[in-house]
Amino acid sequence: MITTKTKKDIEIMKVGGKILKKTLLQVSKMIKPGINGLILDNFAYTFITENNCIPAFLNYKTDFMSKPFPATLCISKNNVIVHGVPSKNLILNDGDIVSIDCGLSYKNLYVDSAITVCVGKVDKKIKKLVDTTKESLLKAIYMCKKVNTIGDIGNAIEMHVKKNGFNVIKELVGHGTGYCLHEEPEVYNFGIPHSGIKLKPGYVLAIEPMATFDETNICQNDKDEFVTANDQVSAHFEHTIVVTDSSPVILTK
């Protein structure tokens, strides 16, 4: 069942969204060649808890995971698409790209967001992949109006990514969020215009395009990380938005 959030819920989620945005901004400023994932994760945990929030990913488990997630951040480097596990052995090097995905709960309401950061000097084609994925998120958010559907969101992502010579990851999806971290509906990164669930004011969606160079299968490693089957790098961006009577509101901006 898709839940509709109240005006009071939305105001609370705006506060949580601002804290989450600040978390990601501060983490992104720390990223440089030689830093390890554990330093970033420890900072995020401290920052979130000191702002009266609860890390949403820490000890979270879904049906497709063999064990609860052990960290505050998902730090996914290069060919890791999502759910990368931070550790002191996860070293960021010049030329890498890294997705930083984070969720938190503020007053029992959840928000979720992700960015991809270039580490040092990155190949031009990889930089274009990152920029295109970010742009596709904005294209998708523009479609989040009450006259549109879930299919319009996915189509906007896929068309922009393909237009720039890249491909979306189709197996992984965005989702509803708010009362739980993951709620209905699933938000695909591809779609047919005007198809699927019709959007309504009060729907809160975590939209998260993921893209890579060429079409590829994905697999799950022994850490429950999702990786590209052929070691291609991937980019990932995410915002939590709310559908309104007019333009969508980005809660994590």
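In the block above lies the structure referred to throughout.
Residues numbered from 1 in each chain as written. Predicted model: local features only at pLDDT ≥ 70, side-chain atom pairs only at ≥ 80, totals over all residues. Heavy atoms only, no water.

## Quick notes on the pattern of salt bridges
Here's step 1: In total, this model carries 7 salt bridges according to the counting rule given.
Here's step 2: Close ionic contact of K162 with E158 constitutes a salt bridge, the shortest N to O distance being 3.5 Å. With K162 and E158 both in helix α4 (residues 150-163) and 4 residues apart, this pair spans about one turn of that helix.
Here's step 3: K162 sits in the partly exposed class, given a relative accessible area of 41%.
Here's step 4: Classification of E158 by relative accessible area gives buried; the value is 7%.
Here's step 5: Linked through salt bridges whose partners overlap, the residues forming this network are E158, K162 and K170. (Salt bridge = Lys/Arg side-chain N within 4 Å of Asp/Glu carboxyl O. Helix = DSSP H or I, 4+ residues; strand = E, 2+ residues; numbered from the N terminus. Buried < 20%, exposed > 50% of the residue type's maximum accessible area, 1.4 Å probe, protein only.)

## As for the sheet that holds strand β14 (residues 239-242)
Here's step 1: Taking strand neighbours across the sheet as the criterion, the 5 strands line up as β8-β7-β9-β14-β15 in an open arrangement whose pairing is antiparallel. Unpaired on one side and paired on the other, β8 (183-187) and β15 (249-250) mark the two borders of the sheet.
Here's step 2: Across 3 bridges, the pairing between strand β7 (residues 174-176) and β8 is antiparallel. Across the sheet, the residue bridging to G176 is E183, located in β8. (Pairing = 2+ DSSP bridges.)

## Quick word on the pairing of strand β2 (residues 73-77)
Here's step 1: Counting buried positions along β2 yields 5 of 5 residues, so the element is predominantly enclosed.
Here's step 2: Alternating positions in β2 separate into two faces, L73, I75 and K77 on one and C74 and S76 on the other, with burial throughout.
Here's step 3: Alignment of β2 against strand β4 (residues 97-106), held across 5 bridges, turns out to be antiparallel. Paired with K77 across the bridge in β4 is V98.

## Here's the deal with the environment of N164
Here's step 1: With respect to the element layout, N164 can be found in the loop between α4 and β6 (167-168).
Here's step 2: If sequence neighbours within four positions are ignored, N164 has contacts with K128 and T132.
Here's step 3: Within polar-contact distance, the side chain of N164 engages the backbone oxygen of H160 at 2.9 Å. (Contact = heavy atoms within 4.5 Å. Polar contact = N/O pair within 3.5 Å; in protein donor to acceptor, adjacent residues only side chain to side chain.)

## Some words on the sheet that holds strand β10 (residues 210-212)
Here's step 1: Strand order across the open sheet formed by 3 strands is β6-β10-β13, with antiparallel pairing between neighbours. Strand pairing shows two members of the sheet lacking a second neighbour, β6 and β13 (234-236), which therefore form its edges.
Here's step 2: Pairing of β6 with β10 involves 2 bridges; the strand directions are antiparallel. Paired with V168 across the strands is A211, a residue of β10.
Here's step 3: Most of the contacts of helix α3 (residues 124-142) go to β13, to which it runs at about 30°, and overall it touches β10 and β13. (Axes fitted to C-alpha atoms, helices over the stretch in contact; angles between N-to-C directions.)

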